[in-house]
Amino acid sequence: MLPYTVNFKVSARTLTGALNAHNKAAVDWGWQGLIAYGCHSLVVVIDSNTAQTLQVLEKHKADVVKVKWARENYHHNIGSPYSLRLASADVNGKIIVWDVAAGVAQCEIQEHAKPIQDVQWLWNQDASRDLLLAIHPPNYIVLWNADTGTKLWKKSYADNILSFSFDPFDPSHLTLLTSEGIVFISDFSPSKPPSGPGKKVYISSPHSSPAHNKLAAATGAKKALNKVKILITQEKPRNHMLLLYPREILILDLEVNQTVGVIAIERTGVPFLQVIPCFQRDGLFCLHENGCITLRVRRSYSSIFTTSNEEPDPDPVQELTYDLRSQCDAIRVTKTVRPFSMVCCPVNENAAALIVSDGRVMIWELKSAVCNRNSRSSSSGVSPLYSPVSFCGIPVGVLQNKLPDLSLDNMIGQSAIAGEEHPKGSILQEVQLKFLLTGLLSGLPSPQFAIRMCPPLTTKNIKMYQPLLAVGTSNGSVLVYHLTSGLLHKELSIHSCEVKGIEWTSLTGFLSFATSTPNNMGLVRNELQLVDLPTGRSIAFRGERGNDESPIEMIKVSHLKQYLAVVFKDKPLELWDVRTCTILREMSKNFPAITALEWSPSHNLKSLRKKQLATREAMARQTVVSDTELSVVESSVISLLQEAESKSELSQNISAREHFVFTDNDGQVYHLTVEGNSVKDSARIPPDGSMGSITCIAWKGDTLVLGDMDGNLNFWDLKGRVSRGIPTHRSWVKKIRFAPGKGNQKLIAMYNDGAEVWDSKEVQMVSSLRSGRNVTFRILDVDWCTSDKVILASDDGCIRVLEMSMKSTCFRMDEQELTEPVWCPYLLVPRAALALKAFLLHQPWNGQYSLDISHVDYPENEEIKNLLQEQLNSLSNDIKKLLLDSEFTLLQRCLLVSSTMLLALQAAVGSPRPGPTLLREVSGDCGLTLARLYGDESELHFWTVAAHYLHSLSQEKAVSTPVAKEAAPRDRVNNPLDICYDVLCENAYFQKFQLERVNLQEVKRSTYDHTRKCTDQLLLLGQTDRAVQLLLETNADNQHYYCDSLKACLVTTVTSSGPSQSTIKLVATNMIANGKLAEGVQLLCLIDKAADACRYLQTYGEWNRAAWLAKVRLNSEECADVLKRWVDHLCSPQVNQKSKALLVLLSLGCFSSVAETLHSMRYFDRAALFMEACLKYGAIEVSEDTDILCWDVFAEGEPDAGRANVGRDAAALQRDVLPGQVTVGPVLQKLISAIYADYARSLKNLGFKQGAVLFASKAGAAGRDLLTELESPKQELTD
């Protein structure tokens, strides 16, 4: 007989329910694609794609108030693998750092016993990724080492701190929201606490007119404030901030401390609850009080694209305006159901998750659709949105294949592109955005709960067994959960009032009862329903009975599921036949009041079967004897046939005798027998003097256990006729249940203050759980899940499946039984995760692309290979079809694999086949899109900038005719790097953006200080005429009138003659030496000495200001010199921001320096892929005459601006041959060989021999020894 296997494995888990008010802000969406949120004292982790619960972390003793995923902005390798690290904080001031995959706490931090106000991981330096900044009430910020729990420093402030926010462009700038206003800190550093109290400002009350909204410097007198409702948050571009009020969002420009935009709610609109700014596009996700999520995108203006020699727009932008572009459906808000918080996907910014107070998690995804321009209302005043001309940073044609819903920046173009003046020669498609609900996770409803596990697994029901748990709720519904997966199997709305109890009648049916609220006479409406689970059909078991009667106290189904005992509070017992739904007996009025009842496991079914089988066998024998031709038939065969027939008829024709016991108010035990319609009183046992009023009974085998009001347990050995009383001192014993399994004598006893597990055979307590001591929750109901696992329903709205020890432990995520595959390489062991990444990046050793890793020579055990294959199998069929297309190039496969796998289950792929242009152009983006797949923040930013400037380089090389050369700068501006990358953008685009910004500042100016700041900015930008106009507007009564008048004269009359320049430069130098840095820099800019001004700024540590000034005032060569000095500063040990330095080098076109720096940082995989991309785009070309040619193309095309000189002598690296082209000597050839050789070694360590052989052969002499080592086993095998 073949063995039959069925999946009935049940692991420890927690089913969560409604949230606590403290959990309102405890939610975060990690770069790994997982969402974590707090549920009472638990931390729940779910997958954002499939909405499945992957982990429940339980160690906090108080409600969780904050959760924060660790950032993924570091290079991942064996030493720094992909890991799921999460910090959670509770109201008692404890912070726990978790290894989420293993379900263990790595570190616990405690400073005070008050709620943590805010917590955030530091992301701004490469030295350590273990630093955690936390706000400890009332006014402390503390920096912790989250790996060791060591406190690095602590700083106190005068006011109570509510939250904080880092400047995403400058990590030394920290903003604190306090109870009195806002505190700006400009010297934040991980090495030491801030030196001073910071700059404190107050916020004037919001007003409908933005001119009345400004930040006012703190004075001695405390000003009345309207406090900001929610955490202040930084927004792009640089030095902008959002302030959220219930009915409006203020956009502040911190350079002038002035509101430059207001997003107001209409009079009948729903107030704001939360706002999250986007990074990829200038948009805002807003959550409203009705649970509606809206997306607002900044309105487009075409003035930003005017060239430098064009006249400025006579009607500049009056205000930053954000138009409503999409909104999702609202939820039904009640007193107990309301939206709590919202989080957005940090990788793609095209999805938002709404956390609702009742435990629901709703995942809304943005979808784009090409719309008909004629259908758009021209009177709406809203500028249209256009799809971007590029896909993942590379321009593509309309008919070329792309994934428009991959991310927000692939759905809509930059705001300014969608203006009235469209780029010439480009075809723009207008799109509309809409929210689509793609995931929903429902929690348990609010307590009370009544739980009951289905009948246990036996050898007879193994083929159809499912571990189902029925949960009766306070709203009258019954939820059935499948405990293997933890998912809701069915939700049945059965009753109109609270469910009090459930009893299973089979594996597919159960009885549940509910009682309404008593009337003045104490009578209720009883509802007793029989439910068939497969169909969901329910019938009133007691028919018309149930109105205006005493409430049902309990129902008990007999061991053979034949009979049902219904116990009432003030009414005699009723006995029912479960199979026919008929009443067998209603006891007389003088029947004793029942306090506890239990059916006996003993019955006479076996003897009845034997009698019936004997009768049928005798009849069969008589039939056989009468026929001589059948005399050879053996009686054993007849017996088997008759047994099968008897079993099939047993449930209909046989009524076995069963027994039950109950106790009355005096503690007397009654033993009754039920057989068919007959109910007989068998025995009465007088009360035990040591026991109080009996509250519950449990019976298994020869053991009967009674519990009383005083917490005593009495164990009766029926076979030995002895009893033993055990005082537990735990008060009322509310319930006793035996564990399933033959010979298993374990039982669980439930008390008012907890539960205990006992071994009734040894009469010993196995484990104990007490509310207030071991746990913070109170137990509402208990049951057994399997023979060694218990189920606890608690008042925190959760249901826990625990081991018999009843200790709350987390589980390993890779041990979970999930109904849908989950793409999460973070769950793999480090080598496997990196091996899968290498496998997806390229398969150059294969003639044909494959998604079958079993054919790869991978020296890991089969279990690891199976896990890798499961991850690959999670792709949709459409994606697999694209990947297996033989026309796709190697790097294009990387692009499509990487960009779609994060949306593997939902991605929609366009139908047109890619043309050869796309095959050439997208090949450099494998790292960019793989970064999206793995949620790798560091690689995402690197490959975004690299793809943009590599494409710009290819465009520069393609320019050959004078017409094309003239059009090239215009095209460069029409498709610039997004402004979220700030100084990494092209110079022309950056300059235009800064001009637009100062225009807006000028329009909003309302005070003299504001006007003076605008004047200073205009002078730095070279807009002298407009600066003079503002200087001449100074009122004669102003104390600065004379100085401003003289300054206007100076600006107007300044000449480029030698003496005047020397004088002004001398004055500027003296001013800088005497602490007037800003004024001296301004004078130097007046005489076109901005390069000197940048050097002074860098000397005095103003590196960001120097980079800004270089981008807006210097030509490309001078700007490159300034930025290269900045790169050296970023690479210094004191700063250690080499990742940022790499991005600056990419923006300069110093590709060889980027490769060298990557290699020196031991980023071998990224260095090799970048070198491959450079070869593909012609940034580095193999020459017939020499080894290699290197092209360095930069913002404006000057021949020498892109030369690399970081870390070594530039002359050793390259020498000039032609303008824009350099010949590379053996130094760079050696670097390339070293990169390939080291990458080959890393592939060998990961187990990918084929890839290691390929790159070792590319490395030339540097990889010869490695190549010999890799090929030697193959040669030995051949010999």
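The name given to the chain in an unreviewed UniProt entry is WD repeat-containing protein 11, and the organism recorded there is Cervus elaphus hippelaphus.

(A) Main features of the pattern of salt bridges. Inspection of the entire model under this criterion finds 53 salt bridges. Two residues, Asp781 and Lys735, come together in a salt bridge whose shortest N-O distance is 2.5 Å. In this pair, Asp781 is assigned in strand S58 (residues 779–786) and Lys735 in strand S54 (residues 733–738), connecting sequence segments 46 residues apart. Salt-bridge contacts for Lys1244 lead to Glu1269; the nearest nitrogen and oxygen are separated by 3.4 Å.

(B) Main features of helix H5 (residues 862–873). For H5, spanning 12 residues, the distance from its first C-alpha to its last is 16 Å, which sits close to the expected 16 Å at 1.5 Å a residue. Looking at H5, one finds that the buried residues are Ile864, Lys865, Leu868, Gln869, Gln871 and Leu872. Buried residues along H5 cover an arc of 155° about the axis, so they all sit on one side. Facing away from the buried side of H5, by more than 90 degrees, are the exposed residues Glu862 and Glu863.

(C) Here's a closer look at the sheet that holds strand S30 (residues 385–386). Pairing is antiparallel in the open sheet, where five strands are placed in the order S27-S28-S29-S33-S30. Both outer strands of the open sheet, strand S27 (339–344) and S30, are each paired with one neighbouring strand and no more. Relative to strand S28 (residues 351–356), S27 runs antiparallel, the two being bridged by five bridges. Bridge pairing links Ser341 to Ile355 in S28.

(D) Representation of the sheet that holds strand S34 (residues 450–453) within the structure. The strand order across the open sheet formed by four strands is S34-S35-S36-S37, and the pairing between neighbours is antiparallel. With partners counted over all chains shown, the strands left at the sheet margins are S34 and strand S37 (487–493), one partner each. Averaged over all pairs of adjacent strands, the angle between strand axes in this sheet comes to 20°, irrespective of strand direction. Summarising the sheet, strand S35 (residues 468–472) and strand S36 (residues 477–482) pair through five bridges and their orientation is antiparallel.

(E) Seen up close, the environment of Phe811. For Phe811, the position within the fold is in the loop between strand S60 (799–803) and helix H4 (830–841). Judged by relative accessible area, Phe811 falls into the buried class, the value being 9%. Once the C-alpha coordinates of Phe811 and Val56 are considered, the two residues, 755 residues apart in sequence, prove to be 7.9 Å apart. Apart from the residues lying within four places of it in its own chain, the contact partners of Phe811 are Ala12, Arg13, Leu54, Gln55, Val56, Ala101, Ala102, Gly103 and Gln816.

(F) Spotlight on the nonpolar core. By size, the foremost hydrophobic cluster in this structure holds 143 residues, and its most contacted members are Leu84, Val100, Phe942, Leu1109, Leu1146, Phe1151 and Phe1170. The element contributing the most residues to this core is helix H25 (residues 1226–1246), with 10 residues. Residues Tyr465, Leu468, Leu492 and Ala793 belong to the second largest nonpolar core, which totals 32 residues.

(G) Layout of the pairing of strand S14 (residues 161–167). For S14, a buried count of six out of seven residues is recorded, marking the element as mostly surrounded by other parts of the structure. Here S14 runs beside strand S15 (residues 170–178); their pairing, made up of six bridges, is antiparallel. Bridged to Asp167 within S15 is Asp170.

(H) Just the side chain of Arg325, in detail. You can see Arg325 is positioned in strand S26 (residues 322–327). Setting aside anything within four residues of it in sequence, one finds Arg325 in contact with Leu295, Val297, Val382, Ser383, Pro384, Leu385 and Leu433.

(I) Representation of the environment of Gly261 within the structure. Looking at the secondary structure, you find Gly261 in strand S22 (residues 258–264). By relative accessible area, Gly261 is classed as buried at 0%. For the pair formed by Gly261 and Leu250, sequence separation is 11 residues and the distance between their alpha carbons is 6.1 Å. Non-local contacts of Gly261, meaning those with residues more than four positions away in its chain, are made with Ile249, Leu250, Ile251, Glu319 and Leu320.

(J) The arrangement of the side chain of Asp90 in detail. Mapped onto the fold, Asp90 is located in strand S7 (residues 85–90). Buried within the structure, Asp90 lacks any salt-bridge partner; its nearest side chain of opposite charge belongs to Lys94, at an N-O separation of 6.4 Å. A polar contact of 3.1 Å, which involves the side chain of Asp90, links it to the backbone nitrogen of Gly93. Ignoring anything within four residues of it in the chain, the contact list for Asp90 reads His60, Lys61, Ala62, Asp63, Val64, Val65, Lys114, Pro115 and Ile116.

How each quantity is defined
- Residues numbered from 1 in each chain as written.
- Predicted model: local features only at pLDDT ≥ 70, side-chain atom pairs only at ≥ 80, totals over all residues.
- Heavy atoms only, no water.
- Salt bridge = Lys/Arg side-chain N within 4 Å of Asp/Glu carboxyl O.
- Helix = DSSP H or I, 4+ residues; strand = E, 2+ residues; numbered from the N terminus.
- Expected span 1.5 Å × (residues − 1).
- Buried < 20%, exposed > 50% of the residue type's maximum accessible area, 1.4 Å probe, protein only.
- Arc of directions from axis to C-beta.
- Pairing = 2+ DSSP bridges.
- Axes fitted to C-alpha atoms, helices over the stretch in contact; angles between N-to-C directions.
- Contact = heavy atoms within 4.5 Å.
- Core = buried A, V, L, I, M, F, W, Y, C linked by side-chain atoms within 4.5 Å.
- Lys, Arg positive; Asp, Glu negative; His and termini not counted.
- Polar contact = N/O pair within 3.5 Å; in protein donor to acceptor, adjacent residues only side chain to side chain.

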